[in-house]
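The chain contents come next:
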Amino acid sequence: MTRLALCALLVALAFGAQAQPRLLVGNKSADTVWALDTATGQRVAEYATGPAPHEIAVSADGRTAIVTTYGHREAHHALTVIDLVDGATRTIDLGSHGRPHGLQLLADGDALVTTEASGSLLRVNVQRGEVTGVADVGEGVGHMVAIAPDGAAAYVSKIRAGTVVRVDVATMQVTAERPAGAGAEGIAVAPDGRVWVTNRADDSVTVHDPDSLDIIATLPSAGFPIRVVFAPGGQQALVTNATAATLSVFDVATRATVATVPLTPPEAELQDTLLGRGALPIGAVVDPGAERAYVAISGADRIAVLDTRDWRVIGHWATGREPDALAMVPEAVAE
């Protein structure tokens, strides 16, 4: 076999391994990201990251994952970039910006990253591995970030301040800040542009006008609501309630509660967490190619697998220690 043929075979095998969609899981206390086969739940790859991986974003072509590494006792100042084809990893140094947490990718592949230690929202060129813009979001623990459908604005939740901030992405300047609720943490933008925020200390979800940031509606979600994500199509919003160990499902149009799903795995050995011993669901994601949703059960080292047709838990998959962030890797894009 010629060298050229051998190289082509290796590339084909690498892309073949990526054919099945995968679920990426950040194991916060193990400093790893696992890739799980979505057909079986089996671990098919493991990647070492920096300390305490918190959020994961996957490039549009499914070949690269970016991970914020928050640090354990000491603040970390970097991102881990994973090549999902060959398994290689590299680090992007964030300089003086420590405790990176929230993470979203722009259409051009740049990353927006919140850094709690510096009170900033960074724009990072992933390909070059450098910070290209900094927005000062101020004190109050800017935690998670979401992006408007047109990519022109970013929204940052601030836990201690209980507010939501809007940042102009082109200029990286803060253009507005308004109250959300006590402990504003999870944040996501619906397809209609409205901004949903989970307020963990208020047991509420607030819905905000994207321009004024005024509160349009306040929805109850008991038990420390900590994350919010939207199902494909944007018809349902999923909220994880950490201390209640439930998933609240809302109809986006009517804002009515569709379901409240218990998430504690049966006969699970629960671990101590920052919020005490319990199941502690955190990250959630909906599979766009199947009628499934996945929730990281941080205190049980499990993923809860839900059927989105009737919002029923249909299984649990093993993870590393303290799963938190989740992200979907689509089928490989053929060249």
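Definitions and cut-offs
- Residues numbered from 1 in each chain as written.
- Predicted model: local features only at pLDDT ≥ 70, side-chain atom pairs only at ≥ 80, totals over all residues.
- Heavy atoms only, no water.
- Salt bridge = Lys/Arg side-chain N within 4 Å of Asp/Glu carboxyl O.
- Helix = DSSP H or I, 4+ residues; strand = E, 2+ residues; numbered from the N terminus.
- Buried < 20%, exposed > 50% of the residue type's maximum accessible area, 1.4 Å probe, protein only.
- Contact = heavy atoms within 4.5 Å.
- Polar contact = N/O pair within 3.5 Å; in protein donor to acceptor, adjacent residues only side chain to side chain.
- 1 Å grid on protein atoms, 1.4 Å probe; cavity = no way out; pocket = protein on both sides within 12 Å on 5 of 7 lines; lining within 4 Å.
- Points joined across faces, edges and corners; volume = space filled by probe spheres on them.
- Nonpolar A, V, L, I, M, F, W, Y, C, P; charged D, E, K, R; others polar.
- Core = buried A, V, L, I, M, F, W, Y, C linked by side-chain atoms within 4.5 Å.
- Pairing = 2+ DSSP bridges.
- Axes fitted to C-alpha atoms, helices over the stretch in contact; angles between N-to-C directions.

Caption draft 1: A look at the pattern of salt bridges. A full pass over the atoms with the stated rule returns 15 salt bridges. Between Arg123 and Asp110 there is a salt bridge, with its nearest N and O atoms 2.9 Å apart. Here Arg123 is found in strand 10 (residues 120–125), whereas its partner Asp110 is found in the loop between strand 8 (100–105) and strand 9 (111–115), with 13 residues between them in sequence. The pair Arg123 / Asp110 is uniform in exposure class, with both members buried.

Caption draft 2: Representation of the environment of Tyr155 in the model. Here Tyr155 lies in strand 13 (residues 153–158). For Tyr155, a relative accessible area of 3% translates into the label buried. Leaving out residues up to four positions away in the same chain, Tyr155 has contacts with Met144, Val145, Ala146, Ala148, Val164, Val165, Arg166, Ile187, Val189, Val195, Pro210 and Leu213. Side-chain polar atoms of Tyr155 contact the backbone oxygen of Pro210, separated by 3.0 Å.

Caption draft 3: Focus on the layout of surface pockets. As a volume, the second largest pocket reaches approximately 520 Å³. In this structure, the second largest pocket is lined by 24 residues; those nearest its centre are Lys28, His54, His143, Leu274 and Asp324. Residues of the lining of the second largest pocket, tallied by class, amount to 9 nonpolar, 8 polar and 7 charged.

Caption draft 4: Structural context of the environment of Ile314. Looking at the secondary structure, you find Ile314 in strand 29 (residues 312–318). The contact partners of Ile314, leaving out residues within four places of it in the chain, are Arg292, Val305, Leu306 and Asp307.

Caption draft 5: Region of the structure containing the nonpolar core. Membership of the largest hydrophobic core comes to 19 residues, with the highest contact counts inside it found for Leu238, Leu247, Leu263, Val295, Leu306 and Trp311. Within the residue set of this core, elements represented by two or more residues are strand 22 (246–251), strand 23 (257–262), strand 26 (281–287), strand 27 (292–297) and strand 28 (302–307). Those residues in contact with Leu247 that lie beyond four places of it in its chain are Leu238, Val239, Thr240, Asn241, Ala259, Thr260, Val261, Leu263, Val295 and Leu306.

Caption draft 6: Spotlight on the pairing of strand 21 (residues 236–241). By the criterion of burial, strand 21 is predominantly enclosed, with 5 of the 6 residues buried. Bridging between strand 20 (residues 225–230) and strand 21 involves 5 bridges; their strand directions are antiparallel. Among the inter-strand pairings, Val228 is bridged to a residue of strand 21, identified as Val239. Here strand 20 hands over to strand 21 after 5 residues, with Gly233 in that stretch at a positive phi of 95°. Across 6 bridges, strand 21 lies against strand 22 in antiparallel orientation. Considered in strand 22, the bridge of Asn241 is made with Thr246. Counted along the chain from strand 21 to the antiparallel partner strand 22, the turn is 4 residues long, and its residue Ala245 has a positive phi close to 55°.

Caption draft 7: Summary view of the side chain of Thr80. Tracing the backbone shows Thr80 in strand 6 (residues 78–83). Taking the relative accessible area as the measure of exposure, Thr80 reaches 5% and is therefore buried. Of the polar contacts made by the side chain of Thr80, one reaches the backbone nitrogen of Gly50; its length is 3.1 Å. Here Thr80 is in contact with Ala48, Thr49, Gly50, Ala65, Ile66, Val67, Thr69, Thr89 and Arg90, once residues within four sequence places are set aside.

Caption draft 8: Expanded view of the sheet that holds strand 8. The 4 strands are arranged 8-9-10-11 in an open sheet whose pairing can be described as antiparallel. With partners counted over all chains shown, the strands left at the sheet margins are strand 8 and strand 11 (130–136), one partner each. Along the sheet, successive strands turn relative to each other by an average axial angle of 25°, direction set aside.

Caption draft 9: Highlighting the sheet that holds strand 5 (residues 64–69). The strand order across the open sheet formed by 4 strands is 4-5-6-7, and the pairing between neighbours is antiparallel. Either end of the sheet is taken by a strand with one partner, and the two such strands are strand 4 (53–58) and strand 7 (89–93). When the angles between neighbouring strand axes are averaged without regard to direction, this sheet yields 25°. For strand 4 and strand 5, the ladder comprises 5 bridges, and the chain directions are antiparallel. Following the sheet pairing, Pro53 is matched in strand 5 by Thr69.

Caption draft 10: A look at unusual backbone geometry. Phi is positive for Arg255, which is not a glycine, with a value near 65°. By the element assignment, Arg255 lies in the loop between strand 22 and strand 23. The exposure class of Arg255 is partly exposed, given its relative accessible area of 23%.

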